[in-house]
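Coordinate analysis (summary)
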Amino acid sequence: MAFYSDFAGSYEEIFPFRTEAAAFLDHWLPDRGRVLDIGCGTGQYCRHLEGGGRACVGIDLDPGMIEEAQRLHPSGDFRIMGMEEIGLLTHGAYDGVFCIGNVLPHLPTEGLAGFLQAIRALLRPGGVWLFQTVNFDPILEFDEYVLPPIRPGDGSLVFRRVYRDITPQRLVFTTVLERDGEEIFGGETILHPRTSEDLVSRHRETGFRLLAHVADWSGRRYVASAGGGNIFVWERA
C-alpha cells in the first residue's frame with residue numbers, strides 16, 4: 001500500500017482522530033490485554049488505546065505511514081506488515097483485533113478465507129474482531145461512484161475520491177489531494193468490494209459469532225440499500 005506514502009504527513013489532517021470511533025472501540029474491545037490494529041496508518045487509535053491501559057501493536061504495509069506513526073509515538077509498537085502476513089504473528093496472543101478506515105477491501109478476494117483463519121488463530125477464545133468498510137452493497141449498482149470530497153480545517157486542503165470500473169470483484173480507487181487548488185498528490189489502487197451478505201457468511205464459516213452490525217460509530221442501524229459505512233463486531237467462538 002505504498003500508494004499512501006505521499007500523503008502520510010497530511011493523513012491526520014485528512015482523517016482526524018474521531019472521538020466517536022474511539023468510543024466504539026473502547027466499548028467493544030476488551031478493556032485490558034493486547035490488541036492489533038491492522039492498517040494502522042499513523043497510529044492514532046493505537047495511541048488512544050494504549051492510553052486506556054491496553055497494549056497495542058499497529059501494522060501497515062506502507063512504510064511512510066509506519067514512519068509517521070513511530071515519529072508521533074516513539075514508544076509504540078509499529079511494524080511494516082501487510083494483511084497477508086498476519087499469520088506470522090504469535091497465535092493466541094491477542095484479546096482484540098481491529099481494522100478500520102476501509103482497509104479490508106485492499107485484500108484480494110482469494111485471500112479473504114486465509115486472512116479470516118489467521119485472525120481467528122491470533123485471537124484468544126472469546127477475543128473480539130472488529131472492522132469497518134464502506135457499504136459496497138449500493139455502490140455495486142454503479143459503474144462509477146464519486147465519494148463526497150473531504151475538506152478539513154479551513155478548506156484549503158481537499159481530498160477527492162472516486163470509485164470507477166466497478167465490478168463485483170474489483171474496482172479502481174482514484175484519489176487526488178489538493179491544497180489551495182493545486183494538486184499535490186494523485187494516485188490509484190485496486191480495491192475488492194464485498195457485499196455484507198458475503199462477509200457474514202464467510203465469517204460464520206470460519207467460526208465467528210456476530211456481536212454487532214451497524215452503519216456508523218453511533219450505532220445507527222445498518223440498511224443494505226443506504227450509503228455510508230459497514231461496521232461489524234465478531235467474537236471468536
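The notes below deal with the structure included here. No experiment lies behind these values; they were computed from the predicted model shown. (Residues numbered from 1 in each chain as written. Predicted model: local features only at pLDDT ≥ 70, side-chain atom pairs only at ≥ 80, totals over all residues. Heavy atoms only, no water.)

As for the environment of Ile190
- Within the element layout of this structure, Ile190 appears in strand β9 (residues 182-191).
- Judged by its relative accessible area of 27%, Ile190 is partly exposed.
- In this structure the C-alpha to C-alpha distance between Ile190 and Leu107, which are 83 residues apart in sequence, comes to 9.3 Å. (Helix = DSSP H or I, 4+ residues; strand = E, 2+ residues; numbered from the N terminus. Buried < 20%, exposed > 50% of the residue type's maximum accessible area, 1.4 Å probe, protein only.)

Some remarks on the environment of Val214
- Mapped onto the fold, Val214 is located in strand β10 (residues 208-214).
- Taking the C-alpha atoms as reference points, Val214 and Gln132, 82 residues apart in sequence, are found 9.5 Å from one another.
- Discounting residues that sit within four places of it in the chain, Val214 has contacts with Phe24, Gly219, Arg220, Tyr222, Gly229, Asn230 and Ile231. (Contact = heavy atoms within 4.5 Å.)

Quick notes on the packing of helix α5 (residues 112-122) against helix α7 (residues 196-206)
- Taken N-terminus to C-terminus, the directions of α5 and α7 make an angle of 50°; their axes are 10 Å apart at the nearest point. Judged by the inter-axis angle, α5 sits oblique to α7. Along this stretch, α5 crosses α7, giving a crossing that reads as right-handed. Across the interface between the two elements, Leu112, Ala113, Leu116, Gln117 and Arg120 of α5 pack against Leu199, Arg202, His203 and Thr206 of α7.
- Here the residues of the contact of α5 with α7 sort into four nonpolar, three polar and two charged. (Axes fitted to C-alpha atoms, helices over the stretch in contact; angles between N-to-C directions. Parallel < 35°, antiparallel > 145°, perpendicular 65-115°, else oblique. Left-handed = near helix turned anticlockwise from the far one by under 90°. Nonpolar A, V, L, I, M, F, W, Y, C, P; charged D, E, K, R; others polar.)

Remarks on the packing of helix α2 (residues 19-28) against helix α3 (residues 44-51)
- Where α2 contacts α3, the axes come no closer than 11 Å and their chain directions differ by 50°. Classified by the interaxial angle, the pair formed by α2 and α3 is oblique. For the crossing formed where α2 meets α3, the hand is right-handed. Where α2 approaches α3, its residues Ala21, Ala22, Leu25 and Asp26 are matched on the opposing element by Tyr45, His48 and Leu49.
- Looking at the contact of α2 with α3, its residues break down into five nonpolar, one polar and one charged.

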